[in-house]
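# Examination of the molecular architecture
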Amino acid sequence: MSLNIAIDGPVGAGKSSISDAVAARLGILHLDTGAMYRALGLTALRRGIDVGDEKKITELCEALQFGVKYGQNGQRTLVEGEDVTGLIRTPEVSMAASTVSRYADVRRRMVRLQQELAAQTDMVLDGRDICTTVLPNATAKIYLTASAEERARRRYKEMAEKGMPDTYEQVLEDLKKRDEQDMNRPVEPLRKAEDAVEVDSTGLSFDETVETILRIVEAKAK
Ligand code: DC
């Protein structure tokens, strides 16, 4: 039986780094699905295409070749063969990714690509609609969250370490705006799947969160 683990949650819940650690402990790959929406958002910004224009963004999405590959530092995200991994973490790209992810045909294409990747090998997938749409039959489903203030504090620290100039207040405001957009979009909004186990990491360390998820996976995989 293949092992597919689904992790959803709001902005800055630590999904990506926690998923990386969970996948490493299980000796399987991790697919960061947000990176694919980010790659589309980045390409739109670079080409001067209005991210609010559903028709143009849908056409762009259909025309682009998305890919992922795995190296020593984990997932690399590719668009048209170009490795854009280092370019997709800015606040502008975050917001553009959230906006382009609202469109039904964009989601349809991304979901299909993600399902094809997950079918090839054992994987942890993280995103917003993994439990509900991408992997409805996942081995284990987790809804990873934390208070907005705690998520903003972690994100602010991470950005400050990378030399990005945003203030804590700005980070908190952006995070709430993006959550609001992701949770209220008409197609596949972020919500906790009924059969997902909620893990609130507000009072937990990174390692404690990883251990908690591994225990859930172990129980479900039995
Ligand atoms: O996880 P992230 O912050 O890198 O995701 C960027 C945006 O992409 C997020 O604001 C919403 C969208 N997204 C989505 O709609 N579905 C996913 N499975 C992953 C991300």
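As shown above, the structure is provided for reference.
As a starting point, this report considers the structure included with it. Computed from a predicted model, the values in this text were never measured in an experiment.

### Points about the packing of aromatic side chains
All chains considered together, the criterion is met by one aromatic pair. Summarising the aromatic geometry, the rings of Y156 and Y168 are spaced 6.4 Å apart at their centres and angled 90° between planes, so their arrangement reads as edge-to-face. You can see Y156 sitting in helix α7 (residues 148–161) and its partner Y168 sitting in helix α8 (residues 168–184), a full twelve residues away along the chain. When its relative accessible area of 34% is taken as the criterion, Y156 is described as partly exposed. Residue class for Y168 comes out partly exposed when judged on its relative accessible area of 23%.

### A look at the pairing of strand β4 (residues 74–79)
Here strand β3 (residues 66–71) pairs with β4 via six bridges, running antiparallel. Bridged to F66 within β4 is V79. Hairpin remark: β3 followed by β4, antiparallel, with two residues in the connecting loop. Inspection of the sheet shows β4 paired to strand β5 (residues 82–83) by two bridges, in the antiparallel sense. By the bridge assignment for β5, L78 is matched with D83. What sits between the antiparallel neighbours β4 and β5 is a turn of two residues, in which E80 has the positive phi angle 50°.

### A few points about the site of the ligand
As a matter of local geometry, the ligand sits amid 16 residues, with R38, R107, R128, D182 and R185 nearest to it. Within the side chain of T33, a nitrogen or oxygen atom sits 3.0 Å from a nitrogen atom of the ligand. When the ligand sits alone it has 450 Å² of accessible area, and the protein chains cover 97% of it. At the level of secondary structure, the elements contributing two or more residues to the shell around the ligand comprise α2 (34–47), α4 (91–100) and α8. For the shell around the ligand, the element with the most residues is α2, which contributes three residues.

### With respect to the sheet that holds β4
Taken together, the three strands give an open sheet; going across it, the order is β3-β4-β5, and neighbouring strands pair in antiparallel fashion. Each having just a single partner strand, β3 and β5 make up the two edges of the open sheet. Set on the sheet, α2 makes contact with β3, β4 and β5; between it and β4 the angle comes to about 35°.

Conventions used here
Residues numbered from 1 in each chain as written. Predicted model: local features only at pLDDT ≥ 70, side-chain atom pairs only at ≥ 80, totals over all residues. Heavy atoms only, no water. Phe/Tyr/Trp six-rings, centres within 6.5 Å; stacked < 30°, edge-to-face > 60°. Helix = DSSP H or I, 4+ residues; strand = E, 2+ residues; numbered from the N terminus. Buried < 20%, exposed > 50% of the residue type's maximum accessible area, 1.4 Å probe, protein only. Pairing = 2+ DSSP bridges. Near = heavy atom within 4 Å. Polar contact = N/O pair within 3.5 Å; in protein donor to acceptor, adjacent residues only side chain to side chain. Areas by Shrake-Rupley, 256 points an atom, 1.4 Å probe, with all protein chains shown as cover. Contact = heavy atoms within 4.5 Å. Axes fitted to C-alpha atoms, helices over the stretch in contact; angles between N-to-C directions.

Fair warning: the whole summary comes from geometry, so function is off the table for now.
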